[in-house]
Amino acid sequence: MRRPAEILPCDRLELRRWQEKDIDALTEAIRDSYDHLLPWSRLAVGDSREVATGLVTTALSEWERDEAYKYAITVDGLVVGGCGLMRRVGPGGLEIGYWLRGDWTGRGLATEAVAALITAGFALDGVRWLEIRHDAANLASAAVPRRLGFEEVKLQTAPDAPYPLMPGESGVVMAWRKACPSA
Ligand SMILES: CC(C)(COP(=O)(O)OP(=O)(O)OC[C@H]1O[C@@H](n2cnc3c(N)ncnc32)[C@H](O)[C@@H]1OP(=O)(O)O)[C@@H](O)C(=O)NCCC(=O)NCCS
């Protein structure tokens, strides 16, 4: 399979490819999660509507170029976060990213979303491993790959990060990998 499905159903949530109609809901999700996102995520930098518009617009074009497959995490139609598969960690690999609205944490939804991305990622042609990267100080983020059986592969200083660190970040990057079970 060249691309994942545009909708990935899960038990409690649905992953749905970002669409322009999501910009309002995404703006609200980012705005309402400012304090939660600020330590770790550049979603909290700048005007929320501009950030949301940029995210959706970029996600639409990245999908068409097969560079990344980014989804809204939705519960009963409500946008509660975002996640995606990104072709930026070298041939045979896909990176997974994720975030939740501040008021939707602590229920296993990020873990459930990433579990769906694992299945979708390994179904793509030529994908042999999946990787999750996060700042070493971001313990909530680390718990997601740990719960899903990823192995910690390296700690490294953030390589020539194009942006200043977010306030919670240490500048040390932790990477986790999961090999394709059928490889
Ligand atoms: C990273 C982030 C998505 C993790 O969110 P989270 O709510 O901790 O993760 P989950 O949705 O998987 O929920 C896990 C929690 O729910 C609990 N939980 C409840 N039901 C669960 C279930 N069915 N399955 C798994 N966990 C469950 C877990 O025990 C855990 O709680 P704990 O932290 O008290 O141990 C969130 O902190 C976030 O959005 N951070 C800001 C953005 C960010 O840092 N993104 C990552 C950048 S690399």
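Values in this document were obtained by computation on a predicted structure and should not be read as measured data.

The rules behind the values
Residues numbered from 1 in each chain as written. Predicted model: local features only at pLDDT ≥ 70, side-chain atom pairs only at ≥ 80, totals over all residues. Core = buried A, V, L, I, M, F, W, Y, C linked by C-beta atoms within 7 Å. Buried ≥ 20, exposed ≤ 12 C-beta atoms within 10 Å, placed from the backbone. Helix = DSSP H or I, 4+ residues; strand = E, 2+ residues; numbered from the N terminus. Contact = placed C-beta atoms within 7 Å. Near = placed C-beta within 6 Å. Arc of directions from axis to C-beta. Axes fitted to C-alpha atoms, helices over the stretch in contact; angles between N-to-C directions. Parallel < 35°, antiparallel > 145°, perpendicular 65-115°, else oblique. Left-handed = near helix turned anticlockwise from the far one by under 90°.

Engineer: How would you summarise the nonpolar core if you had to cite specific residues and measurements?
Structural biologist: In terms of nonpolar packing, the biggest core is built from 42 residues, with Ile-73, Cys-83, Ile-96, Tyr-98, Ala-113, Val-114 and Leu-117 touching the most fellow members. Mapped by element, the contributors of at least two residues to this core are α1 (23–32), α3 (48–64), β3 (68–75), β4 (78–86), β5 (93–100), α4 (109–122), β6 (129–135) and β8 (172–179). With eight residues, the top contributor of residues to this core is α4. Not counting the four nearest positions on each side in its chain, Ala-113 is found in contact with Cys-10, Leu-13, Leu-15, Ile-73, Cys-83 and Tyr-98.

Engineer: Go over the site of the ligand, please, and point to the residues and values.
Structural biologist: The ligand sits among 20 residues. The nearest are Thr-105, Gly-108, Ala-110, Thr-111 and His-134. Listed by contribution, the elements that provide at least two residues to the shell around the ligand are α2 (34–37), β5, α4 and α5 (139–147). The element contributing the most residues to the shell around the ligand is α5, with four residues.

Engineer: Go over the environment of Leu-148, please, and point to the residues and values.
Structural biologist: Locating Leu-148 in the fold gives a position in the loop between α5 and β7 (151–157). Leu-148 sits in the partly exposed class, given 18 other C-beta atoms within 10 Å. Taking C-alpha positions, Leu-148 is 16 Å from Gly-106, a pair spaced 42 residues apart along the chain. When neighbours within four sequence positions are excluded, Leu-148 is seen to be in contact with Thr-111, Val-114, Ala-115 and Ile-118.

Engineer: Tell me about α5, residues and numbers included.
Structural biologist: Every buried residue of α5 is listed here: Ser-141, Val-144 and Pro-145. Along the axis of α5, the buried positions cluster into a sector of 85 degrees, meaning they face one direction only. When the buried face of α5 is taken as reference, the exposed residues oriented beyond 90 degrees from it are Leu-139 and Ala-143. Lining the buried residues of α5 we find β5, α4, β6 and β8. Within two residues after α5, Gly-149 carries a phi angle of roughly 80 degrees, on the positive side.

Engineer: Now, about the packing of α1 against α3: what can you tell me, with residues and values included?
Structural biologist: The geometry of α1 relative to α3 is characterised by a closest axis approach of 8 Å and an angle of 130 degrees between their N-to-C directions. Relative to α3, α1 is oriented oblique. Here α1 runs over α3; the crossing is right-handed. Contacts between α1 and α3 involve Ile-23, Leu-26, Thr-27, Ile-30 and Arg-31 from the first element and Ser-48, Arg-49, Val-51, Ala-52, Thr-53, Leu-55 and Val-56 from the second.

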